[in-house]
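Take a look at the letters that make up each chain.
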Amino acid sequence: MAHTLTRDRRQIADRIVRFDDLKPCYDAFIDTRTPGSDQKENFTIIGPGVSENPNQHVHIAEPHGFNIGGARQPPGCTNSQHSHDTAEVFYVHSGTWRVDLGEHGEDAQAVLREGDLISIPTRVFRGFTNVGEDIGFLWAVLGGDDPGRVLWAPQVFDMATQYGLVLMEDGMLVDTAKGEVVPKGKRRMPVTTREQCDALQRFSQDQTEACVVRAGTSGPTGPFDAIEGVTETYLIGAGRLDWPHGFRVSEIAIRPGAAIPDYILDVPDVWFVQAGEVICAFGDDATVCGPGDTVTFPRGETRSLRNDGDVTATLVAVRGGDEEARIALT
């Protein structure tokens, strides 16, 4: 079924976060003033994320069962050691990144390049640095509607104190260097204890590499792989990264002239364009999405994707739930 681009794009526009329209937060976390960490941009694309700044812009607040976020950092910029209680997945859109595991980032490392993916298990200290020569962008998926709060390594609190930042027990960040004061009746977040640190998992180099799917790696195929001109490879939910995340992730390639025809899905269905362009459509509305754009389709609504360009379009699809979603082609 062919779609025409509509003049009124307000409906589909509300479901797309354009890469060029991303609104960053420059002081989302307690390490925002630490030299080497003070130039990072944090993005909350879908869901509340884990930002400690109440002024963080949320592009799409609708609950999906998972969160979508992003980080853009110049060369040498670091996100300090921290841990999460839900899944954290990074897909490299651009740049070269090193992920460091352990309280001081010395347990294991993984260097990631464009198209690589890493799923970091819960309750593991991790940090990441742009080790390339250009500005890089990580697209991220966090588990749960509420991914909770970040647990920072103890040294991060020490560094924050030097630059006037105070983290409160409810997750709020107070910037005393800007004249903010700790609100009455609120308690400061206690510094992470040695017992808390020792209770976290520690990963070896081999265990860390087992959490990575390299670009171009073959793996189990998804339901769209049967469509002519389309390939779908599971990155999470089948194959090596098959432990429960609360969502599944696939990488999908659509060759020029190929299309994923109208289909219906009853779970959250989010797409990220890694390369090329596709026409995304639902209902009677359609628009072109390009590199770095994120689109979420309404549950139960007929949707489709088509590549009218001259190059293969590569996309990442996140579908809610740990079980393979039932996709109904219409």
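So, here is what we can say about the structure in this document. Along each chain, residue indices are assigned from 1 in the same order as the chain's sequence is written. Predicted model: local features are reported for residues with pLDDT of at least 70 only, side-chain atom pairs are reported and counted for 80 or more only, and whole-chain, interface and lining totals are derived from all residues. Note that water and hydrogens are dropped before the side-chain values are worked out from all heavy atoms of the structure.

1. Focus: the overall build of the protein
Using the following cut-off: Labels follow the DSSP assignment, with helices taken as runs of H or I lasting at least four residues and strands as runs of E lasting at least two, numbered in each case from the N terminus. Radius of gyration: over C-alpha atoms. The globule rule applied is 2.2 Å multiplied by the number of residues raised to the 0.38 power. The rule is simple: take the accessible area with a 1.4 Å probe, protein chains only, and divide by the maximum for that residue type; under 20% is buried, over 50% is exposed, in between is partly exposed. Residues count as neighbours in contact if any of their non-hydrogen atoms are within 4.5 Å of one another. To measure how exposed things are, a 1.4 Å probe is used in the Shrake-Rupley method; for residues, cover is taken only from the protein chains shown. In this tally, Lys and Arg are treated as positive and Asp and Glu as negative; His is ignored, and so are the chain termini. Taken as the charge centre is NZ of Lys, CZ of Arg, CG of Asp or CD of Glu, depending on the residue.
A tally of regular secondary structure across the protein gives four helices and 25 strands. A compact globule built from 330 residues would reach a C-alpha radius of gyration of about 20 Å, and the protein, at 20 Å, matches this within 12%. The C-alpha extent of the protein, read off along each of the three principal axes, is 60 × 45 × 35 Å. Across the 330 residues of the protein, 55% fall into the buried class. The long-range share in the protein, meaning contacts at least 24 apart out of those at least 6 apart in sequence, stands at 72%. Accessible surface, the protein as shown: approximately 14,400 Å² in total, 49% of it carbon and sulfur. Charged side chains in the protein number 30 positive and 49 negative. The centres of these two groups are separated by 4 Å.

2. Details of the nonpolar core
Formally: To form a nonpolar core, buried Ala, Val, Leu, Ile, Met, Phe, Trp, Tyr and Cys residues must be joined to one another through side-chain atoms within 4.5 Å.
Judged by nonpolar contacts, the single largest core of 26 residues is most densely connected at Trp139 and Phe247. Setting aside residues no more than four positions away along its own chain, Phe247 makes contact with Phe66, Ala87, Val89, Val141, Leu142, Gly143, Ile236, Val318, Arg319, Gly320, Gly321 and Asp322. Ala258, Val278, Cys280 and Ala325 belong to the second-largest nonpolar core, a separate cluster that totals 25 residues.

3. Focus: the pattern of salt bridges
The cut-off we apply is this: Salt bridges, as used here, are contacts in which a Lys or Arg side-chain nitrogen is within 4 Å of a carboxyl oxygen on Asp or Glu.
Throughout the structure, instances matching the rule amount to 19 salt bridges. Among the salt bridges present, the one from Lys186 reaches Asp170, with a minimum N-O distance of 2.4 Å. Of this pair, Lys186 sits in the loop between β14 (173–175) and α3 (194–199) while Asp170 sits in the loop between β13 (165–167) and β14, placing them 16 residues apart in sequence. For Asp170, a relative accessible area of 37% corresponds to the partly exposed category. For the salt bridge of Glu209 with Arg214, the shortest nitrogen-to-oxygen distance reads 3.1 Å. Accessibility expressed as a relative area gives 29% for Glu209, which makes it partly exposed. Salt bridges sharing partners connect three or more residues here, namely Glu103, Arg194 and Asp198.

4. Focus on empty space enclosed by the protein
Let me state the cut-off plainly: Cavities and pockets were defined on a 1 Å grid built over protein atoms only: a cavity is a set of grid points that admits a 1.4 Å probe from which the probe cannot escape, a pocket is an open set flanked by protein on both sides within 12 Å along at least five of seven lines, and lining residues are those with an atom within 4 Å of any such point. Grid points are joined across faces, edges and corners, and a volume is the space filled by probe spheres set on the points. Classification convention: Asp, Glu, Lys, Arg as charged; Ala, Val, Leu, Ile, Met, Phe, Trp, Tyr, Cys, Pro as nonpolar; all other residues, Gly among them, as polar.
Enumeration according to the criterion identifies two cavities of 30 Å³ or more in this entry. By volume, the largest cavity is sized at about 250 Å³. Among the secondary structure elements, those contributing two or more residues to the lining of the largest cavity are β2 (41–46), β4 (66–73), β5 (78–83), β6 (88–94) and β11 (136–143). Residue contributions to the lining of the largest cavity peak at five residues, all from β4. Partitioning the lining of the largest cavity into residue classes produces twelve nonpolar, nine polar and one charged. Taken as a whole, the second largest cavity spans an internal volume of roughly 30 Å³. Every residue along the wall of the second largest cavity is listed here: Leu101, Ile118, Ser119, Ile120, Pro121, Phe203, Thr208 and Cys211. Broken down by element, the lining of the second largest cavity gets its largest block of residues, three residues, from strand β9 (residues 117–120).

5. A few points about the side chain of Thr296
Applicable threshold: Polar contact criterion, stated in full: a pair of N or O atoms within 3.5 Å, where within protein one must be able to donate a hydrogen and the other to accept it, and residues adjacent in sequence count only if both atoms are side-chain atoms.
You can see Thr296 is positioned in strand β22 (residues 294–297). A polar contact is formed between the side chain of Thr296 and the side chain of His64, at a distance of 2.7 Å. Not counting the four nearest positions on each side in its chain, Thr296 is found in contact with Arg15, Ile46, Ile60, His64, Asp269 and Val270.

6. Comments concerning the state of the cysteines
Applied cut-off: In this description, the term disulfide denotes a pair of cysteine sulfurs within 2.5 Å.
Throughout the structure, instances matching the rule amount to zero disulfides. Counting only cysteine sulfurs, Cys289 is the nearest neighbor of Cys280, a cysteine outside any disulfide, at a range of 3.7 Å.

7. Here's the deal with the side chain of Asn130
Its location among the elements puts Asn130 in strand β10 (residues 126–130). Side-chain polar atoms of Asn130 contact the backbone oxygen of Gln73, separated by 2.7 Å. A distance of 2.9 Å separates a polar side-chain atom of Asn130 from the backbone oxygen of Asp134.

8. Quick notes on the sheet that holds strand β24 (residues 313–320)
This is how the line gets drawn: Here the rule is simple: two strands pair whenever DSSP picks up at least two bridges between them.
What the six strands build is an open sheet, ordered β1-β22-β19-β24-β17-β16; its pairing is antiparallel. Only two strands of the sheet have a single partner each, and these edge strands are β1 (16–17) and β16 (230–236). Where strand β17 (residues 247–254) meets β24, eight bridges bridge the pair, whose relative direction is antiparallel. Directly across from Val249, in β24, lies its bridge partner Val318.

What is shown is where atoms sit, not what they do.
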